[in-house]
Amino acid sequence: MLSIQLIRDQPASVRCALQRRNWPDTSIVDQVLQCDKRRRDSLTRVQELRAETNAASRAIGALLRNGRKKEAHEHIAIQSAAKRETKALEEESRTLDKELKRLLLAIPNIPHADVPDGKQPSDNRIVLHFGTRPSPDTARSPHWHIAERLGIVDFDRGAKVTGSGFPFYIGKGARLQRALIQFFLDTAVEAGYTEIQPPLMVNADSARGTGQLPDKEEQMYEVQTDELFLVPTAEVPVTNLYRDEILDEKTLPLRLCAYTPCWRREAGSYGKDVRGLNRIHQFDKVELVHIVHPNHSYDEWELLSQHSEKLLDALALPYRKLYMCTGDMGFNQAAQYDLEVWSAGQNQWLEVASISNFTDYQARRMRLRYRPVGGGRPALVHTINGSALALPRVLAALLEYNQRNDGTILVPEVLHRYTGFDRIG
C-alpha cells in the first residue's frame, strides 16, 4: 500500500507511475485525494464541535450556579445539537476511512526508476543466460511422456482422486521431489537462512498484508466455513510472521526460508502451457523471504536472486534471468526478476522463480516496522522474497534435459546423496 502522504505531496508522480504500469485509469489518485480531504475536513469539524461542547458545558455550569436557568437551557440546546452533529460526522469519518483504505489497496506499487518500461513479456529485459541449450535437431520427449513411461508421475489418477492439476508422484518421482526440497532447504540454511515451518492456511488479514487481497482472490482456494485460505506461496505466512510488530534494528536483516505445498486455482489458464507439470493447482516450493532495513533493500534483492540462481547452477540447467518490465511485473512489486529454465522437450522457457522487492508496500499493509538503534520513531521495513525454487517446472526441465538415448534420466550429482540413485529408468 502506498503512503497517503506520498499521494498528497506527489500526486503527479503517482499518476506517472501508474501510467508506466499502463494502468487503465489514473483518476483513482484524484478519488483518493477527494476522499482524504473529506475525511480530514470531517475530523477537523469534529474537533471544533468537541471544543464547542466543552465550552458549552463550562458555560452551563456557570449559568446554573448563578441561577440563570433560561440562558443555561439555550446552551444545553446548542450542546445537544453539537453532539448530534459530532455523532453523524464520526460515522461519516468511519465510512470515509473504509473507503480511503479500499482505494489505497487498489493502487499498485510504484516501479523503481530502473525497471524497464513495457506492456508485454517481449519487453522484459534479458539480464543473463546460463548454460547451453540442446540443439533443436536433438529429439527430446516432453516431460509428461517421460513421466508416464517411467511411471513416476500419474496425472490421470490424480485427476480421478481430486481433479486436473493434482498429480501423484510415485516411486523415484516422489523421492526426486523430496530430494529437491531438501537440497533447496539445506542450501538456504548453509547460506545463513533461518528455516521456518509455517501454517498452510492463513486468514484474510495475512492475505491482505502481502497483497493477495484484494488483487488475487480468484487464484486462492478458500475454506469458507472458517474464513481461511490455503497458502498460494509460503511468502504469505512467513512475511506475516512479524505483522503488527516493531523489530529491533539490530535484528535486521532477517533471512527466512520455508518449504510448503502451495495451492493456486490458476483461473483462466488453458492450452498447451498447462500441459503436464507446466501449471498445476497443488505444487511444492521453497521460498526465501528477507525483511530488511530500507537502506539495504536493493542489495538484499540482488543477494536473494543470487541464492536462487546458484540452485540452477548446481542443477546444471540452462536458464535465463529477466528484469520484468512495468507491464509484466506483479501488482505489489517495485522491481522483479524472473528466472526461467529451458524446457528441452517443449522448446520454450519455463518460469521457476520470481524474485521481488516490495520496498515498504507490504510492510505498510502489515504495520511491520523497526525501531532505530539510535532512537527515534519506528520506521517501516522493506520486504523481499523469491522462489528457491518452485518444483514442478524444475522437475519437468530435469526430466527433459537429462534424458539419454537408452531412455534413462540422469539425476544431477548434487542430488545423489538425497535420492540414493543416480538415474531413473
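Heads up: these notes are all about the structure in this document. Here the structure is a predicted model, which means the values were calculated and not measured.

### Thoughts on the overall build of the chain
Working step 1: A tally of regular secondary structure across the chain gives 13 helices and 18 strands.
Working step 2: Against the 2.2 N^0.38 benchmark of 22 Å for 425 residues, the chain shows a C-alpha radius of gyration of 28 Å, more extended than a compact globule.
Working step 3: In terms of overall dimensions, the chain has C-alpha extents of about 110 × 45 × 45 Å along its principal axes.
Working step 4: Sequence separation of 24 or more characterises 73% of the internal contacts of the chain that already satisfy a separation of 6 or more.
Working step 5: For the chain, the exposed area adds up to about 20,700 Å²; of that, 48% sits on carbon and sulfur atoms.
Working step 6: Each charge class in the chain was averaged separately, 56 positive and 55 negative side chains, and the resulting centres sit 5 Å apart.

### Looking at unusual backbone geometry
Working step 1: The amide bond that connects leucine 252 to the next residue, proline 253, takes the cis arrangement and shows omega of 0°.
Working step 2: That bond from alanine 388 to leucine 389 is cis: its omega, 0°, falls within 30 degrees of zero.
Working step 3: One non-glycine residue, threonine 359, lies in positive phi territory at about 50°.
Working step 4: When you line up the elements, threonine 359 lands in the loop between β13 (348-357) and α11 (361-366).
Working step 5: The class of threonine 359 is buried, set by a relative accessible area of 13%.

### Section: the side chain of aspartate 36
Working step 1: Position of aspartate 36 relative to the elements: it lies in helix α3 (residues 27-65).
Working step 2: A polar contact of 2.7 Å, which involves the side chain of aspartate 36, links it to the side chain of arginine 8.
Working step 3: Among all residues touching aspartate 36, those that are not within four sequence positions of it are Ile4, Arg8 and Leu100.

### Topic: the side chain of asparagine 357
Working step 1: Of note, asparagine 357 is situated in strand β13.
Working step 2: Within the local environment of asparagine 357, its side chain forms a polar contact with the side chain of serine 297, the two groups lying 2.8 Å apart.
Working step 3: Not counting residues within four places of it along the chain, the set of residues in contact with asparagine 357 comprises Ser297, Tyr298, Trp301, Gln333, Ala334, Ala335, Thr383 and Ile384.

### Some remarks on the layout of surface pockets
Working step 1: In this structure, the second largest pocket occupies an estimated 260 Å³ of space.
Working step 2: The wall of the second largest pocket is formed by Trp144, His145, Ala147, Glu148, Gly151, Val153, Asp154, Phe155, Asp156, Ile170, Arg275 and Gly276.
Working step 3: Looking at the lining of the second largest pocket, the element that brings in the most residues is helix α5 (residues 143-150), giving four residues.
Working step 4: Here the residues of the lining of the second largest pocket are counted per class, giving five nonpolar, three polar and four charged.

### Remarks on the packing of aromatic side chains
Working step 1: Applying the stated criterion to the full structure yields eleven aromatic pairs.
Working step 2: Ring geometry for phenylalanine 183 against phenylalanine 184: centres 5.9 Å apart, planes inclined by 45°, an arrangement best described as tilted. Of the two residues examined, phenylalanine 183 and phenylalanine 184, each falls in the buried class.
Working step 3: One aromatic cluster is present, built from ring pairs that chain together Tyr298, Trp301, Tyr323 and Tyr337.
Working step 4: Residue placement shows lysine 172 over the ring face of phenylalanine 421; its charged tip is 4.6 Å from the ring centre.

### Considerations on the environment of valine 238
Working step 1: Mapping valine 238 onto the fold places it in helix α9 (residues 235-239).
Working step 2: For valine 238 and arginine 371, which are 133 residues apart along the polypeptide, the C-alpha to C-alpha distance reads 21 Å.
Working step 3: If we ignore the near neighbours within four places in the chain, the residues touching valine 238 are Ile196, Pro198, Leu256, Ala258 and Val289.

### A look at the sheet that holds strand β7 (residues 228-230)
By definition, the strands of a sheet pair up through backbone hydrogen bonds, in either a parallel or an antiparallel sense.
Working step 1: The antiparallel open sheet is built from three strands, whose spatial order is β5-β7-β6. Strands at the two margins of the open sheet, each flanked by one partner only, are β5 (201-203) and β6 (222-223).
Working step 2: Of the pairings in the sheet, the one linking β6 to β7 comprises two bridges and is antiparallel in character. Following the sheet pairing, valine 223 is matched in β7 by leucine 228.

### A closer look at the packing of helix α7 (residues 172-190) against helix α12 (residues 391-401)
Working step 1: Where α7 contacts α12, the two axes come as close as 11 Å, and the packing angle between them is 115°. As for how α7 packs across α12, the hand of that crossing is right-handed. Residue-level inspection shows Leu176, Gln177, Leu180, Ile181 and Phe184 of α7 in contact with α12, the latter providing Leu391, Val394, Leu395 and Leu398.
Working step 2: Grouping the amino acids of the contact of α7 with α12 by side-chain chemistry returns eight nonpolar, one polar and no charged.

### Digging into the sheet that holds strand β8 (residues 246-248)
Working step 1: Strand order in this open sheet of three strands is β8-β14-β15, and the pairing throughout is mixed. Sheet topology places β8 and β15 (379-380) at the edges, where each strand pairs with a single neighbour.
Working step 2: Of the pairings in the sheet, the one linking strand β14 (residues 369-371) to β15 comprises two bridges and is antiparallel in character. The residue of β15 that forms the bridge with tyrosine 370 is alanine 379.

### Points about the pattern of salt bridges
Any two side chains of opposite charge can pair, on the condition that their charged atoms come close.
Working step 1: Scanning the entire structure with this criterion turns up 26 salt bridges.
Working step 2: The salt bridge partner of arginine 8 is aspartate 36, with a shortest N-O separation of 2.7 Å. Note that arginine 8 is positioned in helix α1 (residues 4-9) and aspartate 36 in helix α3, a separation of 28 residues in sequence.
Working step 3: Judged by relative accessible area, arginine 8 falls into the partly exposed class, the value being 26%.
Working step 4: Salt bridges linked by common partners bring Arg8, Asp36, Arg39, Arg40 and Asp97 together as one network.

How each quantity is defined
Residues numbered from 1 in each chain as written. Predicted model: local features only at pLDDT ≥ 70, side-chain atom pairs only at ≥ 80, totals over all residues. Heavy atoms only, no water. Helix = DSSP H or I, 4+ residues; strand = E, 2+ residues; numbered from the N terminus. Rg over C-alpha atoms; globule rule 2.2 N^0.38 Å. Contact = heavy atoms within 4.5 Å. Areas by Shrake-Rupley, 256 points an atom, 1.4 Å probe, with all protein chains shown as cover. Lys, Arg positive; Asp, Glu negative; His and termini not counted. Charge placed at Lys NZ, Arg CZ, Asp CG, Glu CD. Buried < 20%, exposed > 50% of the residue type's maximum accessible area, 1.4 Å probe, protein only. Polar contact = N/O pair within 3.5 Å; in protein donor to acceptor, adjacent residues only side chain to side chain. 1 Å grid on protein atoms, 1.4 Å probe; cavity = no way out; pocket = protein on both sides within 12 Å on 5 of 7 lines; lining within 4 Å. Points joined across faces, edges and corners; volume = space filled by probe spheres on them. Nonpolar A, V, L, I, M, F, W, Y, C, P; charged D, E, K, R; others polar. Phe/Tyr/Trp six-rings, centres within 6.5 Å; stacked < 30°, edge-to-face > 60°. Lys NZ or Arg CZ within 6 Å of the ring centre and 35° of its normal. Pairing = 2+ DSSP bridges. Axes fitted to C-alpha atoms, helices over the stretch in contact; angles between N-to-C directions. Left-handed = near helix turned anticlockwise from the far one by under 90°. Salt bridge = Lys/Arg side-chain N within 4 Å of Asp/Glu carboxyl O.

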